[in-house]
Structure formats: structure tokens, C-alpha cells
Amino acid sequence: MTESSAQPPTAESIEAITISASAELDRLENLEAVDQWRVSYLGRRGMLTTVLRGLSSLEVEERRTVGALANQAKNTLEERLEERVRQINEATLTRSANQDRLDVTLPGRPALEGRLHPTTQIVREICSAFVAMGFGVVEGPEVEWDHYNFEMLNIPKGHPARDMWNTLWVDYEDPTGEQAMLLRTHTSPMQARVMENREPPIRVVVPGKCYRYEATDATHEWHFYQVEGLAVGEGITFADLKGTLYEFARRMFGEERQIRFRCDYFPFVEPGVDMSIDCFACEGDGNGCRICRDSGWIEIMGAGMIHPKVLEGVGYDTERYTGFAFGMGPERIAMLKYGIDDIRHFYSNDLRFLRQF
Ligand code: PHE
């Protein structure tokens, strides 16, 4: 208690300490100096603390008034200390922001974000529509045997219908001399592969890549996707085919869609059809419409009742089982849906195109 006994505190000495302490504090520019200041005024042996200790030497009356002043002074200095620390921190932040030229208001650099290719998106959309109707999804090989791509589909060697599929043959010498290898020209070979391995009832869709020996133009690519569909069971009729594909058209292109079937020829179906939807762009009006080229109708797939020869080929009892199949091109469907005018955009890897989807 040596300090406290030195000088009995007065209202004046307390005010003097407060004034000089405040003035000193205002000149301090960094936190270390501020901390020293705190120790020398408010610390255990600080000036104000010493004054407070000296209160005990005063008379009761005086102690009450001077004590109140001293407490007030302590609170004031503590508040000013807090405020100064805040100011210094803020100034430091501003200074470093200016010095480092860090503009915290600039937007950050966006991370490159990947996305699904438009074909993948459409393939998934098509498959989901059929999955919702009870179909499963299977995939098959892109390098295929002549056997499955043609023969099992009622297209024997030398059959003129082979000209419908310009084929990329694989240079492979089969030891038995019987099998020729190719890049599948459609997903239809999976019809035979699925039926060989399962018993009806069967309901599957087959998405996958196909290849054709083709000169490319706005509507032809040498590689593209197809989604095949297959349903086999007892008592399946053309009405089931129609109902299923009608439902698909409405899910894919809108509730209002109408569909149209016209006769078409594919050796593995009988009867065979091509299916069109009424044009969703001009609502079937057909006047000057570039989507349906004025016809009011858009062809979207081939379909038909599975040819008995195909069912026989996989060993099914054709008296008992019937079925339907269909096949469509997702790129073509995406072109229609999004108004894309050239199929070559899909695989030219131009990000300006791909980023739009
Ligand atoms: N595979 C045929 C094609 O590529 C389309 C099709 C599939 C037609 C199934 C009828 C039934 O052209």
C-alpha cells in the first residue's frame, strides 16, 4: 500500500489523470502501445488504480464523493480504451485493403462448372418417361456382330434392306469364317440380345451410341445415339404400342400432342410404322414453320410389332407371345425441342454451344 499512502486523492487529481490519459490514448496508433497505456492507468499498479486505493485514507464524506468520481473516471477510461481498439483495428483493415489493392467488392472468380451434355440430358429424359411406365433400362455393346445387328433382325446376308444402314465394318478375321464384326448401326441388335437372355414379360429401353458410314451434313452424323424400346408378352397388340408411344409423346412434348402413324418398312417389324407428332412449334398449323417444314407433323421414330421371325429366332413361342419395338434418335429430338439447326453441333465440342444447355 505504499502508493496509496503517498497522496490522498482529490477531485482535481482524478480529473487531471482522466484528461491526460484520454489525450495520450488518442495519439496511440497500435495495439501494443494501447496495451501499455492500459497497464499504466488501469493496471494493478496503474495510476487510477492507485488513486482508488488511496480512498481509504479519506474521511467518510469525502470518500463517498471522490470515490464516485474515481469510479466514473475508471468507467470512462475503459470505454475510451474499447473505442480506441476498435478504431485502430478498423484503420489497420482499411490500410491493408488499400495497400494490397484488395478490392473486397469485386465478384469472385467463378469456378468452372461442368454439366451434362445435351444428348445425355435428352437420353435421360426419354428413359425416365419410359421408366415411369414400367420399363427397365439396359445397355449393350457398340462393337457388334453382323449376327445381331442384321441376321437376328430378319436381315440376312445379301438382303437389299442392308442398304438402309450404311455400315462401318470392323477389320476382324473370325476363325470360323462365319462372323463379321461391325459398329452397330442401330440399337435394335439389343432386341435379340435381351430376348435371348430373358423370358417374357419384357419391357426395356436401350439407350446407346450407333455408327454409320455416312457423309455428314446438317441432319446426318456418322455417330449418334438411339433409344430402342422393346415390350414382349402375352396379348400385346398394336393398341399397346400406340398407347405407350402416345403417352411418351405427351410426356416429352406436352399434354396437347397428337400422334400420327404411317406405314414404314423395317424388316424386323410387321406392321412397321413411322410415328409423327403434331408440330409443337406451330401447333400443327404448318404455315411457314421451319420446325415441321410446313407439314404440321414431325417424324420422331420408327416402330412396329415384332416380326414373328425375330421371335422365332430367339426361340419364343410365336403363338403365345407378341410384342412391339421402337427406336428413336435423341439428337433429333433435342434438335426439335431446342430448335437446333445442325446435328454436327452436338459433337464439335464447342463450349459456346454446349453451355446453352
Ligand atoms: N432400328 C431402326 C433404325 O435404326 C428403328 C426401329 C427400331 C424401327 C425398332 C422399328 C422398330 O432405323
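Residues numbered from 1 in each chain as written. Predicted model: local features only at pLDDT ≥ 70, side-chain atom pairs only at ≥ 80, totals over all residues. Heavy atoms only, no water.

## Side note on the side chain of Lys209
- Within the secondary structure layout, Lys209 lies in strand E5 (residues 202-211).
- Buried charge without a salt bridge: Lys209, with Glu142 as the nearest opposite-charge side chain at an N-O distance of 6.0 Å.
- Side chain to side chain, Lys209 and His223 meet in a polar contact 3.1 Å long.
- Contact partners of Lys209, with chain neighbours within four places excluded, come to Glu142, Arg184, His223, Phe224 and Tyr225. (Helix = DSSP H or I, 4+ residues; strand = E, 2+ residues; numbered from the N terminus. Buried < 20%, exposed > 50% of the residue type's maximum accessible area, 1.4 Å probe, protein only. Lys, Arg positive; Asp, Glu negative; His and termini not counted. Salt bridge = Lys/Arg side-chain N within 4 Å of Asp/Glu carboxyl O. Polar contact = N/O pair within 3.5 Å; in protein donor to acceptor, adjacent residues only side chain to side chain. Contact = heavy atoms within 4.5 Å.)

## Quick word on the packing of helix H2 (residues 11-27) against helix H5 (residues 60-99)
- As a packed pair, H2 and H5 sit with axes 10 Å apart at the nearest point and diverge in direction by 5°. It follows from the interaxial angle that H2 and H5 lie roughly parallel. Contact residues: H2 offers Ala11, Ile14, Thr18, Ala21, Ser22, Leu25 and Asp26, while H5 offers Val66, Leu69, Ala70, Ala73, Leu77, Arg80, Leu81 and Arg84.
- When the residues that make up the contact of H2 with H5 are grouped by side-chain class, the tally is ten nonpolar, two polar and three charged. (Axes fitted to C-alpha atoms, helices over the stretch in contact; angles between N-to-C directions. Parallel < 35°, antiparallel > 145°, perpendicular 65-115°, else oblique. Nonpolar A, V, L, I, M, F, W, Y, C, P; charged D, E, K, R; others polar.)

## Digging into the nonpolar core
- One finds Ile126, Phe130, Phe248, Ile277, Ile300, Phe326 and Met328 to be the most contacted residues of the largest nonpolar core, which totals 44 residues.
- Those elements that place two or more of their residues in this core are helix H6 (118-131), strand E6 (223-234), helix H9 (238-253), strand E8 (269-278), strand E9 (297-306), strand E10 (321-328), helix H11 (330-338) and helix H12 (351-354).
- Discounting residues that sit within four places of it in the chain, Ile300 has contacts with Phe248, Phe253, Met275, Ser276, Ile277, Met328, Gly329 and Leu336. (Core = buried A, V, L, I, M, F, W, Y, C linked by side-chain atoms within 4.5 Å.)

## Some words on the sheet that holds strand E3 (residues 169-170)
- Strand order in the open sheet formed by three strands is E2-E4-E3, and the pairing between neighbours is antiparallel. The open sheet has two edge strands, strand E2 (143-145) and E3, and neither has a second partner.
- In this sheet, strand E4 (residues 181-183) lies alongside E3 in antiparallel orientation, the contact comprising two bridges. Paired with Val170 across the strands is Met181, a residue of E4. (Pairing = 2+ DSSP bridges.)

## Description of the domain arrangement of the chain
- The assigned domain composition of the chain is domain 1 (11-99) and domain 2 (118-354).
- Centre-to-centre, using C-alpha coordinates, domain 1 lies 86 Å away from domain 2. (Domains from an automatic or database assignment.)

## Observations regarding the pattern of salt bridges
- The final tally for this structure, using the stated rule, is 18 salt bridges.
- Across the pair Glu247 and Arg251 runs a salt bridge whose closest N-O atoms are separated by 3.0 Å. Of the two residues, Glu247 and Arg251 are both situated in helix H9; the distance of four residues between them amounts to about one turn of the helix.
- Overall, Glu247 belongs to the partly exposed group, its relative accessible area being 28%.
- The exposure class of Arg251 is partly exposed, given its relative accessible area of 44%.
- For Arg352, the salt bridge identified is with Asp350, shortest N-O distance 2.7 Å.
- Exposure remark for Arg352: the relative accessible area of 66% places this residue in the exposed category.
- The class for Asp350 is partly exposed, based on a relative accessible area of 25%.

## A word on the pairing of E9
- Of all ten residues in E9, eight are buried, a share of seventy percent or more.
- Looking at chain direction, E8 and E9 are connected through eight bridges and run antiparallel. When the bridges of E9 are listed, Gly272 appears paired with Gly304.
- Relative to E10, E9 is paired through five bridges, and the arrangement is antiparallel. By the bridge assignment, Met301 is partnered in E10 with Met328.

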